[in-house]
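# Coordinate analysis (summary)
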Amino acid sequence: MSIGQVPGGKIVAIASSTGGPKALQAVITKLPAKLNAPIVIVQHMPPGFTASLAERLNTLSELNVKEASEGDVLAAGSVYIAKGGKHLNIRYSGNRHVVYYTDEPNREGVKPCANYMYESLSESRYGEVVCVVMTGMGADGTKGITYLKKQKKTHVIAQEEESCAVYGMPKNIVNAGLSNQIVPLERIAQEIITNVGVI
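Model, not experiment: these values are computed from the prediction.

What counts as what
Residues numbered from 1 in each chain as written. Predicted model: local features only at pLDDT ≥ 70, side-chain atom pairs only at ≥ 80, totals over all residues. Heavy atoms only, no water. Axes fitted to C-alpha atoms, helices over the stretch in contact; angles between N-to-C directions. Helix = DSSP H or I, 4+ residues; strand = E, 2+ residues; numbered from the N terminus. Parallel < 35°, antiparallel > 145°, perpendicular 65-115°, else oblique. Left-handed = near helix turned anticlockwise from the far one by under 90°. Contact = heavy atoms within 4.5 Å. Nonpolar A, V, L, I, M, F, W, Y, C, P; charged D, E, K, R; others polar. Phe/Tyr/Trp six-rings, centres within 6.5 Å; stacked < 30°, edge-to-face > 60°. Lys NZ or Arg CZ within 6 Å of the ring centre and 35° of its normal. Buried < 20%, exposed > 50% of the residue type's maximum accessible area, 1.4 Å probe, protein only. Pairing = 2+ DSSP bridges. Arc of directions from axis to C-beta.

### Brief notes about the packing of helix α1 (residues 20-28) against helix α2 (residues 50-60)
At a minimum axis separation of 10 Å, α1 and α2 run at an interaxial angle of 25°. The angle between α1 and α2 falls in the class roughly parallel. When you trace α1 past α2, the crossing you get is right-handed. Where α1 abuts α2, its residues Pro21, Leu24 and Gln25 lie against Leu53, Arg56, Leu57 and Leu60. Within the contact of α1 with α2, the residues separate by chemical class into 5 nonpolar, 1 polar and 1 charged.

### Considerations on the packing of aromatic side chains
Across all of its chains, the model carries 0 aromatic pairs by this definition. Positioned above the aromatic ring of Tyr100 is the side chain of Arg91, whose terminal nitrogen or guanidinium carbon lies 3.8 Å from the ring centre. Above the ring of Tyr116, the side-chain terminus of Arg107 is found at 4.8 Å from the ring centroid.

### Re the pairing of strand β6 (residues 96-102)
Burial analysis of β6 places 6 of its 7 residues in the buried class, which makes it a mostly covered element. As judged from the 7 bridges shared by strand β5 (residues 87-93) and β6, these two strands associate in the antiparallel manner. Counted as the bridge partner of His87 is Thr102 from β6. The antiparallel hairpin formed by β5 and β6 contains 2 residues in its connecting segment, where Gly94 sits at a positive phi of about 60°.

### Looking at the side chain of His155
Along the chain, His155 turns up in strand β8 (residues 154-159). Using a relative accessible area of 15% as the deciding quantity, one classes His155 as buried. Every residue in contact with His155, bar those within four places of it in the chain, is listed here: Glu128, Val129, Val130, Cys131, Asn180, Gln181 and Asn195.

### Considering helix α4 (residues 142-151)
Owing to its 3.6 residues per turn, the α-helix brings residues three or four apart onto one side. When α4 is considered as a whole, its buried residues turn out to be Thr142, Gly144, Ile145 and Leu148. When α4 is viewed along its axis, its buried side chains cluster within an angular range of 155° and face the same direction. Projecting away from the buried face of α4 at angles above 90 degrees are the exposed residues Lys143 and Lys150. On its buried face, α4 sits against α3 (114-121), β7 (128-133), β8 and α5 (169-175).

In structure tokens:
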């Protein structure tokens, strides 16, 4: 923790790719409206698809779900899905955490890339980051969480192989020794609630 950083609050940061929309629906729809943390999500999707994903999840969920906009202020009980074609980052500014986008090239072959999200959270004022890595191809999230764990209290939940459409991203998290828990898809929502609580 850096000098002058005030610990407090938690945030949930989810990374998913292939099979992710269905997995996200299974998780987000089981979370209560009074979840005591905001949720930020990087789901690998091209531009134009993330808005419809957010709208669908919003109609099915107790939580407020939206495609994250530049300058959005993160609030507990709300879900912010990264726009396709941009890299989502979190910045602490004016006593609040806000969304900002960057336009670097693809990383890990994708844009948005969860590594940027996790790395930006290392500079946040959150006391703890609960990382959830779900179904998807490749290794996005591994480098970002490796960096984040060196900077901040971090709890990592990896989706177990049997419930993944593609066991790539969680497998890399597990193989890197980063996971605190390996759980089936149907238990991820409960583990999030256990780790961040309700208001």
